[in-house]
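A look at the structure
One-letter residues, chain by chain:
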Amino acid sequence: MGLSMPLTLKRQNNIAIVTIDNPPVNAASHAVRQGLLDVVQETERDPTVQAVLLTCAGRTFVAGADIREFGKPPVEPHLPDVLRLIETAQTPWVAVLHGSVLGGGLELAMACRYRVANAGAQLGLPEVNLGLIPGAGGTVQLPRLVSAELALDMVAGGKPISAKAALHAGLIDALTEGALTPFALSFIDNLASHPVRPSTLDKAVNLPVDQAAFDEKVAKVTARAKGQKSPVAAAQAISKGFNLTVEEALQQERETFLKLKDDPQSAALRHIFFAERGTISLERLKGQKLAQIQTVGVVGGGTMGAGIAAACLLRGVSVVLVERDDDAAQAGFKRTADILAGSLSRGLVSQQKHDKMLDSFTVSANYAAFAHADLVIEAVFENFEVKAEVFSKIEAVVRPDAIIASNTSYLDVNALSQTLKHSSRAIGLHFFSPAHIMKLLEIVVPDTVSDEVLASCVAFGRQLGKICVLAGVCDGFIANRIMSAYRRECEYMLEDGALPWEIDEAMLAFGMPMGIYQMQDLAGLDIAWAMRKRQAAERKSDERYVDIADKLCEMGRFGQKSGRGWYIYDGKSRKPDPEVQALILSESSRKGITRISFSPDQIMSRILGRMQTEGHAILNEGIAQRAEDIDVVMINAFGFPRWTGGPMFMEGLSGA
Ligand code: T1G
Ligand code: NAD
């Protein structure tokens, strides 16, 4: 048959083997849907075909609908229509799964009568992460193959499960570590002696084992969703589906899907999906030779040093960690080993991988240990002189082609680069704490860094699974500079009439994971206090300065660790403190300010406005490459709610 690419069809005796080849992830584009429609119509007309084997070329089975087609007028054939034809075909289809079987890809697989998978495959319905729910039958198919509870978790949580878990749950029929197609063909041979099973949608739906417990799970989804609509809609689709016929459930799902697809939250989530994948678009990086980074040196085994060491080890990179002395080195080893032990206990790594990581991790108090390092990252105290001294000690011992990086939060990476004999090898790699978990990596680009060093560090960041954003050199780069700006705006509001807990509540209601005063109490007020004192001399005399935070520190109120900060702490509980309120009111009157009240919307409008103003300045100064990058930073550094698309998207500045 004359199948149009990206599908090919070949016969192997009475088996029709269909292969989808639509790089990079075999998304179910219009051409793929048309090809599938052609195949199912053709094979249904051919009595010599006893089974259809559906497989994909490349690194993954169909990873979902083609997100790039969203926002454009839908073109037939629509995926649900094609899947219903496959589902009800006389000739059974067998899905052969590898890679990321996601969204429409899993719906396609569930429309097939049988599913066999490679042991490394992941299967999921992540539509909620795009502000959607499955739109091709997934909420109706899944609870007919797995338990109601697992179906709810998968559809409302959006996280994939492993092939092993899928086999256990009844989502797939068999899995193999070996060659997939021969395994699938032998699976089909065995089928011959069994009656063909009913189609997925002809199966009875699995009802909740314990309805009350299920309803509690649904309520938890709603609570966790905060302001995002899609998880709630997904949970509703599953729970309401139990009391509907298949046709009614499919209809309900389709209506909900189409409604969400046109919702601003889905546009925002699709914007950030692509924004996170397009952060590095720099002409000077194209075609650059990349340094292979297999051994990383880390200076400092404190909070960040240990986190960075763990982040490297978890991705198979060897690490040499150097500290000031043997005791500190051992402490750094233990801090890092504890992180790896945590990954093991949470089942994120096998015992074998855990042991291998420890074997590729050494600590020392002697910088000579860096002799074979491809890259050395310093994560010592946030003090220029200390870092400059560490930089020169690194340069004295490493290979001429080794890269030297700083994890500084605020210091001038240009000035730090100039302390080296060869500044072209120096760069800023600003990880966020905890470094082995936070996905964002700000790559701070000094004036003198070479193209090869920069390109190698971008590749290294990706090797660590990070979302890399390029930042120019300025105070706080992108994330911390914007955070400092809106922190100041909040302090102005305190003097103007708001209270810390009012501001925190407004930020929580907006969807931020934490209010700014709760966050300061958690991190400790003393760090920022020390920085403000350091910066006092450079502060412009006409710049509005709020003394409230300094006065809290002078009172020994350093936050949670001292039992009092912006709030008062009694064990785990955090309460507004009348003493802080009195201090704020007295500061307003000392400055002759007549206090006004702020609504949550007014508070958020001032915060967002400040973020956007600082974002404009960052773009105008060339500190950020694109407005989208600022959205990526704010969402991944501070948990700015993804379903808004980020502050610049909200202003209409970035994305669609
Ligand atoms: N559509 C179009 N392009 C996609 C895509 C998709 N679904 N998924 C990935 N890409 C592009 C991506 O932009 C990048 O492009 C390249 O592929 C590699 O991606 C009907 C409605 C599959 C786990 O949500 O989770 O099905 O930058 O860098 O890290 O009910 O991509 O190279 O030009 O992420 O190896 C549901 C989204 C869709 C899956 C691979 N499916 N994708 O990760 O590579 S909605 C999803 C991912 C749906 C149905 C509903 C990941 C991945 P470029 P990458 P990766
Ligand atoms: P930390 O105090 O926890 O650790 C610093 C470590 O550096 C200590 O263990 C100390 O013994 C070691 N050290 C100091 N001088 C040294 C030297 N000459 N040689 C070897 N080791 C030396 O500090 P941290 O929180 O890990 O921060 C480290 C750096 O990372 C700072 O520049 C900080 O601004 C930056 N940073 C911190 C965070 C955060 O949230 N903590 C986030 C991003 C970046």
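Residues numbered from 1 in each chain as written. Chains lettered and ligands numbered in written order. Predicted model: local features only at pLDDT ≥ 70, side-chain atom pairs only at ≥ 80, totals over all residues. Heavy atoms only, no water.

**Side note on the site of ligand 1**
For ligand 1, the set of nearby residues contains 27 residues, the closest of which are A65, G104, E107, E127 and R277. The contact in question runs from a nitrogen atom of ligand 1 to an N or O atom on the backbone of A63, over 2.9 Å. If you list the elements that add at least two residues to the shell around ligand 1, you get β5 (100-102), α3 (104-111) and α11 (264-277). Ranked by residue count, the leading element in the shell around ligand 1 is α11, at three residues. Counted by class, the shell around ligand 1 contains 16 nonpolar, five polar and six charged residues. (Near = heavy atom within 4 Å. Polar contact = N/O pair within 3.5 Å; in protein donor to acceptor, adjacent residues only side chain to side chain. Helix = DSSP H or I, 4+ residues; strand = E, 2+ residues; numbered from the N terminus. Nonpolar A, V, L, I, M, F, W, Y, C, P; charged D, E, K, R; others polar.)

**Regarding the packing of aromatic side chains**
With the rule as written, the count across this model stands at nine aromatic pairs. Consider the rings of Y114 and F187, whose centres lie 5.8 Å apart with planes at 65°: the pair is edge-to-face. Residue Y114 is found in strand β6 (residues 114-118), and its partner F187 is found in helix α7 (residues 180-191); the two are separated by 73 residues along the sequence. For F187, a relative accessible area of 15% gives the class buried. (Phe/Tyr/Trp six-rings, centres within 6.5 Å; stacked < 30°, edge-to-face > 60°. Buried < 20%, exposed > 50% of the residue type's maximum accessible area, 1.4 Å probe, protein only.)

**Brief notes about the site of ligand 2**
Around ligand 2 there are 22 residues in total, and M304, E323, Y367, E382 and K387 lie nearest to it. A distance of 3.0 Å separates an oxygen atom of ligand 2 from a polar atom in the backbone of T303. In this structure, R324 approaches ligand 2 through a side-chain N or O atom, which is 3.0 Å from an oxygen atom. Counting only elements with at least two residues in the shell around ligand 2, the list comes to α12 (303-313), α15 (384-397) and β15 (426-431). Per element, the largest residue contribution to the shell around ligand 2 is three residues, and it comes from α15. Its residues assigned to classes, the shell around ligand 2 shows 10 nonpolar, eight polar and four charged.

**Considering the environment of E579**
Relative to the assigned elements, E579 resides in helix α23 (residues 578-590). Non-local contacts of E579, meaning those with residues more than four positions away in its chain, are made with M555, R557 and R564. At a separation of 3.4 Å, a polar atom in the side chain of E579 contacts the side chain of R557. (Contact = heavy atoms within 4.5 Å.)

**Focus on the side chain of S239**
As for its position among the elements, S239 is in helix α9 (residues 230-241). Here A235 takes part through its backbone oxygen, which lies 2.8 Å from a polar atom of the side chain of S239.

**Remarks on helix α17 (residues 451-463)**
Spanning 13 residues, α17 covers 18 Å between terminal C-alpha atoms, matching the ideal 18 Å at 1.5 Å per step. What α17 keeps buried is the set V453, L454, A455, S456, C457, V458, F460 and G461. (Expected span 1.5 Å × (residues − 1).)

**Here's the deal with the side chain of D631**
Relative to the helices and strands, D631 resides in helix α25 (residues 627-638). For D631, which is buried and forms no salt bridge, the nearest opposite charge comes from R626, at a distance of 8.3 Å. Among the polar contacts made by the side chain of D631, one reaches the main-chain amide nitrogen of M648 at a distance of 2.8 Å. (Lys, Arg positive; Asp, Glu negative; His and termini not counted. Salt bridge = Lys/Arg side-chain N within 4 Å of Asp/Glu carboxyl O.)

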